[in-house]
Amino acid sequence: MDGFMVALMTWIASVSGLPEPENPPAVRRLSAEEIVARARPPQARQPHAGRSYVALYRAGTRTILLRDDWSRDSLRDRSILVHELVHHMQAAAGRDYPCPGAREREAYGIQGRWLKRQGGSLSETLGINTLHLLLLTRCGR
(Lines give C-alpha, C1' and ligand atoms only; values in the text may rest on other atoms or scores of the structure.)
Protein backbone atom coordinates (compact mmCIF):
# COMPACT_ATOMS: atom_id res chain seq x y z
CA MET A 1 0.00 0.00 0.00
CA ASP A 2 3.02 2.30 0.39
CA GLY A 3 3.17 3.21 -3.32
CA PHE A 4 -0.56 3.93 -3.34
CA MET A 5 -0.26 6.13 -0.24
CA VAL A 6 2.76 7.97 -1.65
CA ALA A 7 0.80 8.74 -4.84
CA LEU A 8 -2.12 10.03 -2.76
CA MET A 9 0.19 12.16 -0.60
CA THR A 10 1.82 13.62 -3.73
CA TRP A 11 -1.63 14.62 -5.00
CA ILE A 12 -2.62 16.02 -1.57
CA ALA A 13 0.58 18.12 -1.50
CA SER A 14 -0.16 19.43 -4.99
CA VAL A 15 -3.61 20.76 -4.02
CA SER A 16 -3.11 21.75 -0.40
CA GLY A 17 0.23 23.36 0.24
CA LEU A 18 0.93 20.68 2.83
CA PRO A 19 4.46 19.38 2.34
CA GLU A 20 4.89 15.75 1.41
CA PRO A 21 6.27 13.99 4.50
CA GLU A 22 9.50 12.00 4.38
CA ASN A 23 7.69 8.81 5.39
CA PRO A 24 4.20 7.44 4.90
CA PRO A 25 2.31 6.64 8.07
CA ALA A 26 2.29 3.21 9.62
CA VAL A 27 -0.95 1.33 8.95
CA ARG A 28 -2.65 -1.10 11.31
CA ARG A 29 -5.79 -3.11 10.62
CA LEU A 30 -8.29 -3.43 13.46
CA SER A 31 -11.78 -4.81 13.92
CA ALA A 32 -14.75 -2.44 13.81
CA GLU A 33 -15.12 -2.81 17.58
CA GLU A 34 -11.48 -1.90 18.20
CA ILE A 35 -11.75 1.16 15.97
CA VAL A 36 -14.84 2.41 17.86
CA ALA A 37 -13.14 1.79 21.22
CA ARG A 38 -10.10 3.81 20.13
CA ALA A 39 -12.28 6.63 18.80
CA ARG A 40 -14.00 7.04 22.15
CA PRO A 41 -12.60 9.85 24.31
CA PRO A 42 -10.70 8.35 27.28
CA GLN A 43 -13.15 9.72 29.88
CA ALA A 44 -16.27 8.48 28.04
CA ARG A 45 -18.05 5.49 29.52
CA GLN A 46 -19.88 4.45 26.38
CA PRO A 47 -18.62 4.16 22.82
CA HIS A 48 -19.92 6.64 20.24
CA ALA A 49 -23.37 5.21 19.68
CA GLY A 50 -24.27 4.73 16.05
CA ARG A 51 -20.89 5.87 14.72
CA SER A 52 -19.25 3.70 12.12
CA TYR A 53 -15.54 4.37 11.78
CA VAL A 54 -13.55 3.04 8.85
CA ALA A 55 -10.28 4.68 9.88
CA LEU A 56 -8.61 6.90 12.47
CA TYR A 57 -5.30 8.72 12.56
CA ARG A 58 -3.08 8.73 15.64
CA ALA A 59 -0.59 11.61 15.43
CA GLY A 60 1.43 10.42 18.43
CA THR A 61 2.42 7.22 16.66
CA ARG A 62 2.00 8.50 13.07
CA THR A 63 -0.34 5.59 12.45
CA ILE A 64 -3.52 5.18 10.42
CA LEU A 65 -5.85 2.62 11.96
CA LEU A 66 -7.92 0.99 9.20
CA ARG A 67 -10.89 -1.21 9.87
CA ASP A 68 -10.06 -4.77 8.83
CA ASP A 69 -12.74 -4.69 6.11
CA TRP A 70 -11.31 -1.53 4.48
CA SER A 71 -11.13 -2.11 0.73
CA ARG A 72 -9.01 -0.42 -1.90
CA ASP A 73 -11.81 -1.29 -4.35
CA SER A 74 -14.26 0.97 -2.50
CA LEU A 75 -14.40 4.64 -3.51
CA ARG A 76 -15.70 5.46 -0.04
CA ASP A 77 -12.85 3.64 1.69
CA ARG A 78 -10.17 5.16 -0.57
CA SER A 79 -11.56 8.63 0.12
CA ILE A 80 -11.40 7.96 3.85
CA LEU A 81 -7.75 7.01 3.44
CA VAL A 82 -7.19 10.36 1.67
CA HIS A 83 -8.79 12.10 4.68
CA GLU A 84 -6.53 10.27 7.15
CA LEU A 85 -3.45 10.94 5.00
CA VAL A 86 -4.27 14.65 5.20
CA HIS A 87 -4.17 14.32 9.00
CA HIS A 88 -0.80 12.56 8.73
CA MET A 89 0.54 15.35 6.55
CA GLN A 90 -0.85 18.00 8.91
CA ALA A 91 0.92 16.33 11.84
CA ALA A 92 4.17 15.77 9.94
CA ALA A 93 4.21 19.44 8.93
CA GLY A 94 3.63 20.52 12.54
CA ARG A 95 0.69 22.66 11.49
CA ASP A 96 -1.25 24.44 14.22
CA TYR A 97 -5.01 24.85 13.92
CA PRO A 98 -7.28 26.99 16.11
CA CYS A 99 -9.46 23.95 16.89
CA PRO A 100 -9.99 20.33 15.84
CA GLY A 101 -12.80 21.46 13.53
CA ALA A 102 -10.36 23.55 11.48
CA ARG A 103 -8.13 20.51 11.03
CA GLU A 104 -11.19 18.53 9.91
CA ARG A 105 -12.30 21.34 7.58
CA GLU A 106 -9.04 21.05 5.65
CA ALA A 107 -9.21 17.22 5.57
CA TYR A 108 -12.84 17.13 4.41
CA GLY A 109 -12.14 19.83 1.82
CA ILE A 110 -9.31 17.83 0.29
CA GLN A 111 -11.29 14.60 0.54
CA GLY A 112 -14.16 16.32 -1.28
CA ARG A 113 -11.82 17.52 -4.04
CA TRP A 114 -10.43 14.01 -4.45
CA LEU A 115 -13.93 12.51 -4.59
CA LYS A 116 -14.98 15.05 -7.23
CA ARG A 117 -12.03 13.94 -9.41
CA GLN A 118 -13.27 10.37 -9.03
CA GLY A 119 -16.87 11.25 -9.92
CA GLY A 120 -18.19 11.24 -6.34
CA SER A 121 -18.94 13.71 -3.57
CA LEU A 122 -19.00 13.86 0.20
CA SER A 123 -22.80 13.77 0.14
CA GLU A 124 -23.20 10.94 -2.37
CA THR A 125 -20.28 8.80 -1.24
CA LEU A 126 -20.31 9.40 2.52
CA GLY A 127 -23.80 10.75 3.21
CA ILE A 128 -22.38 13.99 4.63
CA ASN A 129 -24.68 16.91 3.90
CA THR A 130 -23.83 20.60 4.31
CA LEU A 131 -25.21 20.86 7.86
CA HIS A 132 -23.39 17.71 8.99
CA LEU A 133 -20.15 19.04 7.47
CA LEU A 134 -20.63 22.37 9.25
CA LEU A 135 -21.02 20.56 12.58
CA LEU A 136 -17.93 18.43 11.96
CA THR A 137 -15.73 21.38 11.00
CA ARG A 138 -16.79 24.20 13.30
CA CYS A 139 -14.73 25.81 16.02
CA GLY A 140 -16.33 26.59 19.36
CA ARG A 141 -19.65 25.45 20.67
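Before going into details, it helps to say that this report is about the structure given with it. (Residues numbered from 1 in each chain as written. Predicted model: local features only at pLDDT ≥ 70, side-chain atom pairs only at ≥ 80, totals over all residues. Heavy atoms only, no water.)

1. Focus: the overall build of the protein
A tally of helices and strands in the protein yields 6 helices and 3 strands. Ordered by position from the N terminus, the helices and strands of the protein form the series α-β-α-β-β-α-α-α-α. The C-alpha atoms of the protein give 15 Å as radius of gyration, which agrees with the globular expectation for 141 residues (14 Å, within 12%). By its C-alpha atoms, the protein is 40 × 30 × 30 Å across when sized along the principal axes. Each of the 141 residues in the protein was classed as buried or not, and the buried ones make up 41%. Long-range pairs, those at least 24 residues apart, make up 61% of the contacts in the protein with a sequence separation of at least 6. Of the charged side chains in the protein, 20 are positive and 14 negative, and the gap between their average positions amounts to 6 Å. (Helix = DSSP H or I, 4+ residues; strand = E, 2+ residues; numbered from the N terminus. Rg over C-alpha atoms; globule rule 2.2 N^0.38 Å. Buried < 20%, exposed > 50% of the residue type's maximum accessible area, 1.4 Å probe, protein only. Contact = heavy atoms within 4.5 Å. Lys, Arg positive; Asp, Glu negative; His and termini not counted. Charge placed at Lys NZ, Arg CZ, Asp CG, Glu CD.)

2. Let's talk about the pattern of salt bridges
Under the definition given, this model contains 2 salt bridges. The shortest N-O distance in the salt bridge between Asp69 and Arg67 comes to 2.7 Å. Classification of Arg67 by relative accessible area gives buried; the value is 12%. The salt bridge involving Asp77 is made with Arg76; its shortest N-O contact spans 3.6 Å. (Salt bridge = Lys/Arg side-chain N within 4 Å of Asp/Glu carboxyl O.)

3. Observations concerning the environment of Gln118
The residue Gln118 is located in the loop between helix H4 (100-117) and helix H5 (122-126) in this model. Distance in space between the C-alpha atoms of Gln118 and Pro98 is 31 Å, their sequence separation being 20 residues. If we ignore the near neighbours within four places in the chain, the residues touching Gln118 are Leu75 and Arg78.

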